[in-house]
Structures are given as C-alpha cells and as structure tokens.
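Listed below, chain by chain, are the residues.
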Amino acid sequence: MKNLQCPKCRSRDVVRLPGELQPPAMFSGAKPPSSFKTVRTTRYCCATCGYTEEWVDDPNDLQDLLKKYGF
Ligand SMILES: [Zn+2]
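Computed from a predicted model, the values in this text were never measured in an experiment.

**Observations concerning unusual backbone geometry**
Next up, step 1: Although it is not a glycine, Arg 10 sits at a positive phi angle of roughly 65 degrees.
Next up, step 2: Here Arg 10 is to be found in the segment before β1 (14-18).

Pasting the structure below:
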C-alpha cells in the first residue's frame with residue numbers, strides 16, 4: 001500500500017495517517033508494559049473500501065521488535 005493503491009479494490013484514493021493519530025484504545029485498551037518503547041507507525045487507509053494497513057516507520061524499531069518477539 002506504500003505505492004498508494006489499495007490492494008483490495010485497486011482504488012488510488014488512499015490516505016496516509018500518522019501513527020500519532022491512533023488513540024491508545026486501539027490496542028484493546030491494554031496498557032503496554034512500561035519497558036515497551038513506542039514504535040512509530042504510519043497507517044494507510046483506503047478511502048473507497050476502508051481497508052487499512054500499518055507500517056513501522058523506523059527499520060531500527062523493526063530490529064528491536066525482532067529481538068523482542070522473534071523466534
Ligand atoms: Zn480499497
């Protein structure tokens with residue numbers, strides 16, 4: 001979806017939402033552990049069908065996630 005075309009309906013009406021716009025309640029209302037550092041993400045939303053996709057902005061954050069949650 002980074003190419004700004006919806007993979008579901010092929011619409012090009014895709015909006016980009018900064019991660020800061022996500023209310024914390026999006027995470028099931030559960031508070032993350034204090035040791036969990038904030039991972040910045042960007043969400044893409046199709047304005048035609050409503051499909052959303054979320055990307056982690058920083059490759060370093062991906063490495064941290066891999067260390068923490070990888071197999
Ligand atoms: Zn769509």
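That shown, we press on.
**Some words on the pairing of strand β2 (residues 41-46)**
Next up, step 1: By the criterion of burial, β2 is predominantly enclosed, with six of the six residues buried.
Next up, step 2: Of the two faces of β2, the one lined by Thr 41, Arg 43 and Cys 45 and the one lined by Thr 42, Tyr 44 and Cys 46 are each fully buried.
Next up, step 3: Here β1 pairs with β2 via five bridges, running antiparallel. Along β2, the bridge assignment pairs Val 15 with Cys 45.
Next up, step 4: Alignment of β2 against strand β3 (residues 52-56), held across five bridges, turns out to be antiparallel. Looking across to β3, one finds that Thr 42 is bridged to Trp 55.

**Notes on the coordination of the zinc ion**
Next up, step 1: Within the protein, the zinc ion binds to Cys 6 (SG), Cys 9 (SG), Cys 46 (SG) and Cys 49 (SG); these donor distances fall in the range 2.3 Å.
Next up, step 2: Taken together, the four donor atoms coordinating the zinc ion span angles of 107 to 115 degrees at the metal, a pattern that classifies the geometry as tetrahedral.
Next up, step 3: Of note, the donors binding the zinc ion are all from one chain and are spaced C-x2-C-x36-C-x2-C.
Next up, step 4: The exposure class assigned to Cys 49 is partly exposed, which follows from its relative accessible area of 41%.

**Describing the side chain of Thr 41**
Next up, step 1: Summarising the element assignment, Thr 41 is placed in strand β2.
Next up, step 2: What makes Thr 41 buried here is its relative accessible area of 14%.
Next up, step 3: Within polar-contact distance, the side chain of Thr 41 engages the side chain of Glu 54 at 2.9 Å.

Cut-offs and rules
- Residues numbered from 1 in each chain as written.
- Predicted model: local features only at pLDDT ≥ 70, side-chain atom pairs only at ≥ 80, totals over all residues.
- Heavy atoms only, no water.
- Helix = DSSP H or I, 4+ residues; strand = E, 2+ residues; numbered from the N terminus.
- Buried < 20%, exposed > 50% of the residue type's maximum accessible area, 1.4 Å probe, protein only.
- Pairing = 2+ DSSP bridges.
- Donors = N, O, S within 2.8 Å, 3.2 Å for Na, K, Ca; no water.
- Tetrahedral: all angles 85-135°; square planar, octahedral: opposite > 155°, others 65-115°.
- Polar contact = N/O pair within 3.5 Å; in protein donor to acceptor, adjacent residues only side chain to side chain.

What is shown is where atoms sit, not what they do.
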